[in-house]
Amino acid sequence: MYPALNSRQEIHRWCRNFPGTKAQISEARRFVNSYLGDRPEAYTAELVTSELATNAIRRTRSGQAGGRFGVTLHAGTTLLILAVHDEGGPSTPRRCQAENTDQNGRGLYLVESLTTRWGVHGDDGGRTVWALIPLNSTGQPT
């Protein structure tokens, strides 16, 4: 399987690429969960991964035939940087205001509410959408 984030004192980086299909979103969540193990932040990180990966396959070339997306986790003692890399597309990810009856449009709002900060780097040739998730330094639930 994947190495779990065992040491609370070191900086760890782990990444994996996934085929750009809906079925791979759950695989990306499992990847994140296996990395964070039983840390209390695992559920939040899984949910953020799910939202960002969904955007990657719905709105970029990552979701086209043969497309891919990547997930990178970079954890220190107090902060997790979670990034989803896509193959780019015509529009830049942005938080929008969804109406009550809209079926979509709340993903980045959710990401913003669950994380310390998020942002986008790149262009239509490929982008990285990243989010910062604080880590409980003791590894115990808060």
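Cut-off values and rules
Residues numbered from 1 in each chain as written. Predicted model: local features only at pLDDT ≥ 70, side-chain atom pairs only at ≥ 80, totals over all residues. Heavy atoms only, no water. Pairing = 2+ DSSP bridges. Helix = DSSP H or I, 4+ residues; strand = E, 2+ residues; numbered from the N terminus. Axes fitted to C-alpha atoms, helices over the stretch in contact; angles between N-to-C directions. Contact = heavy atoms within 4.5 Å. Polar contact = N/O pair within 3.5 Å; in protein donor to acceptor, adjacent residues only side chain to side chain.

Undergrad: Can you help me understand the sheet that holds strand β5 (residues 126–134) in this one?
TA: Working definition: the strands of a sheet are paired by backbone hydrogen bonds and lie parallel or antiparallel to each other. Reading across from one edge, β1-β2-β3-β5-β4 is the order of the five strands in this open sheet, with antiparallel pairing throughout. Where the open sheet ends on each side, the last strands, each with one partner, are β1 (12–19) and β4 (117–123). Taken over all neighbouring pairs, the strand axes of this sheet differ in orientation by 15 degrees on average, direction set aside. Of the pairings in the sheet, the one linking β1 to strand β2 (residues 68–75) comprises eight bridges and is antiparallel in character. If you follow His 12 over to β2, its bridge partner there is Ala 75. The strands that helix α2 (residues 42–59) touches are β2, β3 (79–86) and β5; relative to β3, the one it contacts most, it runs at about 15 degrees.

Undergrad: How should I be thinking about the pairing of β4 in this particular structure?
TA: Side-chain direction in a regular strand flips from residue to residue, so the side chains alternate between the two faces of the sheet. Sheet analysis places β4 next to β5, joined by seven bridges and oriented antiparallel. Paired with His 121 across the strands is Thr 128, a residue of β5. The hairpin turn running from β4 into β5, its antiparallel successor, is two residues long.

Undergrad: What am I meant to see in the side chain of Arg 127 here?
TA: Within the secondary structure, Arg 127 sits in strand β5. Polar side-chain contacts of Arg 127 include one of 3.3 Å to the backbone oxygen of Gly 89.

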